[in-house]
Amino acid sequence: PLNKQATTSVSPITWATPPPEPAEALGLAPHRPTLMHRYESAGADGRGRRTAVTSFSAVALSEVEELARYRDRADGTASAQLRRAYDWMRRAGLTLHHRDSISPLADAPSVRVTRRVHDQYARPLEITDLVVDAQQDALVYEFMVPAAG
């Protein structure tokens, strides 16, 4: 069932250094900053908490003009509307390959979904780590591929 209660969310963008594992997977040099998008939401009652951090590779920033434009605004105070990021990547001529892994967190009733996105040349484009409060009866994972054109 959908949560009909109001939710609160925050989604700032920053130019920052990702943690070592995502940085390595993105092909970034140690301590090299990149565009990062942080998202956090929860129901009005504080339940249903979700947090996500997306880090983009140098390839994504150099080939996707719309992402590159966020660099100057990535001061941690501006919010980003990156819902169209995959559309932008496709328009830039990239074929997207997603690999999602879902694993329970040992110390909390939550699950971690890690999405790694590569292009047709196996170049990494982004990594997203999403942590979802899994106290609900079911975790529904839905993905929609937009129509071409």
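Residues numbered from 1 in each chain as written. Predicted model: local features only at pLDDT ≥ 70, side-chain atom pairs only at ≥ 80, totals over all residues. Heavy atoms only, no water.

(A) Inspection of the pairing of strand E3 (residues 34-43) at higher detail. Counting buried positions over the 10 residues of E3 gives 7, a clear majority of the element. In this structure, strand E2 (residues 12-16) lies alongside E3, joined through 4 bridges in antiparallel fashion. The residue of E3 that forms the bridge with Trp15 is Leu35. The sheet contact formed by E3 and strand E4 (residues 50-56) spans 6 bridges and is antiparallel. Counterpart to Met36 in the pairing with E4 is Ser55. Counting the residues between successive antiparallel strands, the hairpin from E3 to E4 contains 6 residues, one of them, Gly46, with a positive phi of roughly 85°. (Buried < 20%, exposed > 50% of the residue type's maximum accessible area, 1.4 Å probe, protein only. Helix = DSSP H or I, 4+ residues; strand = E, 2+ residues; numbered from the N terminus. Pairing = 2+ DSSP bridges.)

(B) Structural context of the pairing of strand E6 (residues 97-104). Of the pairings in the sheet, the one linking E6 to strand E7 (residues 110-118) comprises 8 bridges and is antiparallel in character. Paired with Arg99 across the strands is Arg116, a residue of E7. Linking E6 to E7, which pair antiparallel, is a turn of 5 residues.

(C) Spotlight on unusual backbone geometry. Phi angles above zero are rare outside glycine, and His31 is one such case at about 65°. Residue class for His31 comes out exposed when judged on its relative accessible area of 70%.

(D) Focus on the packing of aromatic side chains. Tallying each qualifying case throughout the model produces 1 aromatic pair. The interplanar angle of 35° and the centroid separation of 6.4 Å between the aromatic rings of Tyr70 and Trp88 together place this pair among those described as tilted. Taken as a pair, Tyr70 in the loop between helix H3 (65-68) and strand E5 (75-79) and Trp88 in helix H4 (residues 85-91) lie far apart in primary sequence, 18 residues in all. Grouping residues by exposure puts Tyr70 and Trp88 together as buried. (Phe/Tyr/Trp six-rings, centres within 6.5 Å; stacked < 30°, edge-to-face > 60°.)

(E) Here's a closer look at the nonpolar core. Core analysis: the largest hydrophobic core is formed by 19 residues, its most contacted members being Leu35, Phe56, Leu67, Leu82 and Met89. Within the residue set of this core, elements represented by two or more residues are helix H2 (58-63) and H4. In terms of residues, this core owes the most to one element, H4, which gives 4 residues. What Met89 contacts, discounting residues up to four positions off in sequence, is Phe56, Val64, Leu67, Leu94, Leu96, Leu125 and Glu126. (Core = buried A, V, L, I, M, F, W, Y, C linked by side-chain atoms within 4.5 Å. Contact = heavy atoms within 4.5 Å.)

None of this, on its own, says anything about what the molecule does.
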